[in-house]
Amino acid sequence: MSRHDVRGLSLWRGQGQELLAPGLDHRKADRAATLGQPQARTLVGVSNAAVGSSRLRMDHALRGRKAPSFADDVRTSLWDVPKWLPSKYFYDERGSELFERICTLPEYYLTSTEAQILRGAASEIVAEASMGEDLVLVELGSGSSRKTQTLIAALLAAQGRLLYVPIDISPTILHQAAERLLAAYPTLRIVGKAMEHEQGLAALSLEQQGPKLVLFLGSSLGNYEPADSERFLREIRRHLGPQDHLLLGADLCHDPAVLEAAYDDPTGVTALFNKNLLERINRELGGRFSTESFDHLAFFSPEKVRVEMHLRSRIDQQVPIEAIGEVVRFSAGETIHTENCYKYTREQLTTLAEVCGFAQVTSWSDPPDRFSVQLLRPRGASLR
Ligand SMILES: C[S@@+](CC[C@H](N)C(=O)[O-])C[C@H]1O[C@@H](n2cnc3c(N)ncnc32)[C@H](O)[C@@H]1O
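Scoring rules and cut-offs
Residues numbered from 1 in each chain as written. Predicted model: local features only at pLDDT ≥ 70, side-chain atom pairs only at ≥ 80, totals over all residues. Helix = DSSP H or I, 4+ residues; strand = E, 2+ residues; numbered from the N terminus. Buried ≥ 20, exposed ≤ 12 C-beta atoms within 10 Å, placed from the backbone. Contact = placed C-beta atoms within 7 Å. Near = placed C-beta within 6 Å. Nonpolar A, V, L, I, M, F, W, Y, C, P; charged D, E, K, R; others polar. Axes fitted to C-alpha atoms, helices over the stretch in contact; angles between N-to-C directions. Parallel < 35°, antiparallel > 145°, perpendicular 65-115°, else oblique. Left-handed = near helix turned anticlockwise from the far one by under 90°. Core = buried A, V, L, I, M, F, W, Y, C linked by C-beta atoms within 7 Å. Pairing = 2+ DSSP bridges.

Colleague: Would you explain the overall build of the protein in this entry?
Modeller: Within the protein, the secondary structure is distributed over 11 helices and 16 strands. A burial count over the protein gives 41% of its 384 residues as buried. Across the protein, every contact between residues at least 6 apart in sequence was considered, and the portion connecting residues at least 24 apart equals 71%.

Take a look at the structure:
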């Protein structure tokens, strides 16, 4: 890895990485990555406005030749029976903005509850995970990193400096978060990874020595099918050394009315977020969806113990998608399944962690028991 100075911006550069020229819009990289265009494969850089850019490096995903593109995934899932779309495509620039608005809604208690738990537990988490050594803070699906600021501040207070490695599929939200954090914390360094979790974890294993605290917050685990959540937790475990810790935030199963309201707010922000998937297909793949002809649907399934989100066609309709060269047909009432959000009991979370090779160090929940945060360490790792 070598260091480069470009018009006063100091950057690191390594194999498979390139610098974005100052002023080159990272949103173009975002869109190119979605379309699978070649320039998205090697872009690594910082935006022109990066504050304290000598403290920032951004790595973008290297797309393998065989990795499915957005068009491939839409072709697979919208022509499946029943129809569905992968929820990771919610998070383009507009989707990330809408998710930020969801996080401020009173109905979406997940964010405020987890933030409150983190505020109360930050110094304990830092003391338990660091045991006196400097930690690297890693976050999977970091989004705006707003809740993470509590931990960043606690770690900076304990160790004076910090390397933060946020991993997120959305380059735009990563850049925005990095600029805000670097302006707020002069001794913070950030290596952002605009890529999927698995790729970020693999890159991290090659780069980072020393104890790590890995965050997986916001109940993102609940978006995985049960077998996949187990597989993914094992994958995280595989990348952790004996000194590392995982902080896992997950939503608990409770009052179905409260759960449903969290995904179907009266102001309709979650509906806009859901429908943005169709708008994204329009913008990026030349789709002709009319969002008015779909309803947002969110309900709790007691059998599956999950909230399901769907888009339900109001009418019989045919929608061309130019980039796919096909027309997708809907009958009135037919739905596209867009997301699952599994809910857990605290006992299930403890068992899941154990099965995946972790031991629980401590866990916290809010007084009505709606949300849980667990600090885990690799099982068999000796306490230092
Ligand atoms: C539900 S939001 C949670 C954001 C934040 N962690 C929080 O708790 O508020 C999920 C985040 O994960 C990112 N994401 C979704 N799927 C991903 C994937 N497969 N790999 C990496 N990031 C992903 C999204 O861009 C989004 O920022």
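Colleague: When you look at the environment of L110 in this model, what are you seeing that I'm missing?
Modeller: With respect to the secondary-structure elements, L110 resides in helix α4 (residues 109–130). The spatial distance from the C-alpha of L110 to the C-alpha of G249 is 9.5 Å, given a sequence separation of 139 residues. With residues up to four places along the chain from it excluded, the contact list for L110 reads G218, S219, D251, A262 and F371.

Colleague: Is there a simple way to explain unusual backbone geometry in this structure?
Modeller: Glycine aside, a negative phi is what most residues show, and trans is what most peptide bonds show. Omega for the bond connecting V81 with P82 falls within 30 degrees of zero, at -5°, which places this linkage in the cis form. The phi dihedral of S145 is positive, around 60°, even though this residue is not glycine. Relative to the elements of secondary structure, S145 occurs in the loop between β5 (136–140) and α5 (149–159). One non-glycine residue with positive phi stands out, namely V305, at about 50°. Structurally, the position occupied by V305 is in the loop between β10 (294–301) and β11 (306–313). Judged by local crowding, V305 falls into the partly exposed class, with 16 C-beta atoms found within 10 Å.

Colleague: When you look at the site of the ligand in this model, what are you seeing that I'm missing?
Modeller: By nearness alone, 20 residues border the ligand, and Y91, G141, G143, I169 and G218 come closest of all. Per element, the largest residue contribution to the shell around the ligand is three residues, and it comes from helix α3 (residues 93–103). When the residues that make up the shell around the ligand are grouped by side-chain class, the tally is seven nonpolar, nine polar and four charged.

Colleague: I would appreciate a short explanation of the packing of α4 against α5 in the present structure.
Modeller: One can describe the packing of α4 onto α5 by two numbers: an axis separation of 9 Å at closest approach and a directional angle of 45°. The angle between α4 and α5 falls in the class oblique. For the crossing formed where α4 meets α5, the hand is right-handed. From α4, L118, R119, A122, S123, I125, V126 and S130 reach across to α5, where they touch T150, L151, A154, L155 and A158. Of the residues belonging to the contact of α4 with α5, the class tally is eight nonpolar, three polar and one charged.

Colleague: Teacher, can you tell me more about the nonpolar core here?
Modeller: The nonpolar side chains of soluble globular proteins are, as a tendency, buried together. Residues L137, I152, V214 and L246 are the most contacted members of the largest nonpolar core, which totals 90 residues. Element by element, the count of residues in this core is highest for α4, at eight residues. If sequence neighbours within four positions are ignored, I152 has contacts with L137, L162, Y164, L181, Y185 and L188.

Colleague: Would you mind showing me how to read the environment of R379 here?
Modeller: Topologically, R379 is positioned in the segment after β16 (371–378). Judged by C-beta crowding, with 14 C-beta atoms within 10 Å, R379 ranks as partly exposed. Sequence-wise, R379 and A353 are 26 residues apart; in three dimensions their C-alpha atoms are separated by 9.3 Å. Not counting residues within four places of it along the chain, the set of residues in contact with R379 comprises E354, G357, F358 and A359.

Colleague: Help me understand the pairing of strand β15 (residues 358–365), please; the structure alone is not making it clear to me.
Modeller: Along any regular strand, the residues point their side chains to alternate faces of the sheet. Relative to β16, β15 is paired through seven bridges, and the arrangement is antiparallel. Within β16, the residue paired with S363 across the bridge is Q374. With antiparallel pairing between neighbouring strands as the criterion, β15 and β16 make up a hairpin whose turn holds five residues, including D369 at a positive phi of roughly 60°.

Colleague: What is the right way to look at the sheet that holds strand β7 (residues 188–194) in this model?
Modeller: Backbone-to-backbone hydrogen bonds join strands into a sheet, with any given pair of strands oriented parallel or antiparallel. Read across the open sheet, the eight strands follow the order β3-β7-β6-β5-β8-β9-β16-β15; overall the sheet is mixed. Either end of the sheet is taken by a strand with one partner, and the two such strands are β3 (56–60) and β15. The sheet shows a mean angle of 15° between the axes of neighbouring strands, direction not considered. Pairing geometry for β5 and strand β6 (residues 162–167), over five bridges, is parallel. Among the inter-strand pairings, L137 is bridged to a residue of β6, identified as Y164.

Colleague: How do you make sense of the pairing of strand β9 (residues 245–251) when you look at a structure like this?
Modeller: The buried fraction of β9 is high, at seven of seven residues. The alternating pattern of β9 places H245, L247, G249 and D251 and L246, L248 and A250 on opposite faces, both of which are buried. In terms of strand pairing, strand β8 (residues 212–216) meets β9 through four bridges, oriented parallel. Residue pairing in the sheet places F216 in a bridge with L248 of β9.

Colleague: Honestly, the packing of helix α2 (residues 70–78) against helix α10 (residues 269–285) in this entry has me stumped. Any pointers?
Modeller: Between two packed helices, both the angle of their axes relative to each other and the distance between the axes serve to describe the pair. Interaxial distance between α2 and α10 falls to 11 Å at its minimum, and their mutual angle equals 130°. Regarding the angle of α2 to α10, the classification is oblique. Between α2 and α10 lies a crossing of left-handed hand. Along the contact surface, α2 presents F70, A71 and V74, while α10 presents I281, E284 and L285. Looking at the contact of α2 with α10, its residues break down into five nonpolar, no polar and one charged.

Colleague: Even after reading the chapter, I still don't get the environment of G218, so can you show me in this structure?
Modeller: On the secondary structure map, G218 appears in the loop between β8 and α8 (226–238). C-alpha separation for the pair G218 and D251, spaced 33 residues apart in sequence, amounts to 7.9 Å. Setting aside its immediate chain neighbours within four residues, G218 contacts L110, E114, G141 and G249.

Taken by themselves, the reported measurements are silent on function.
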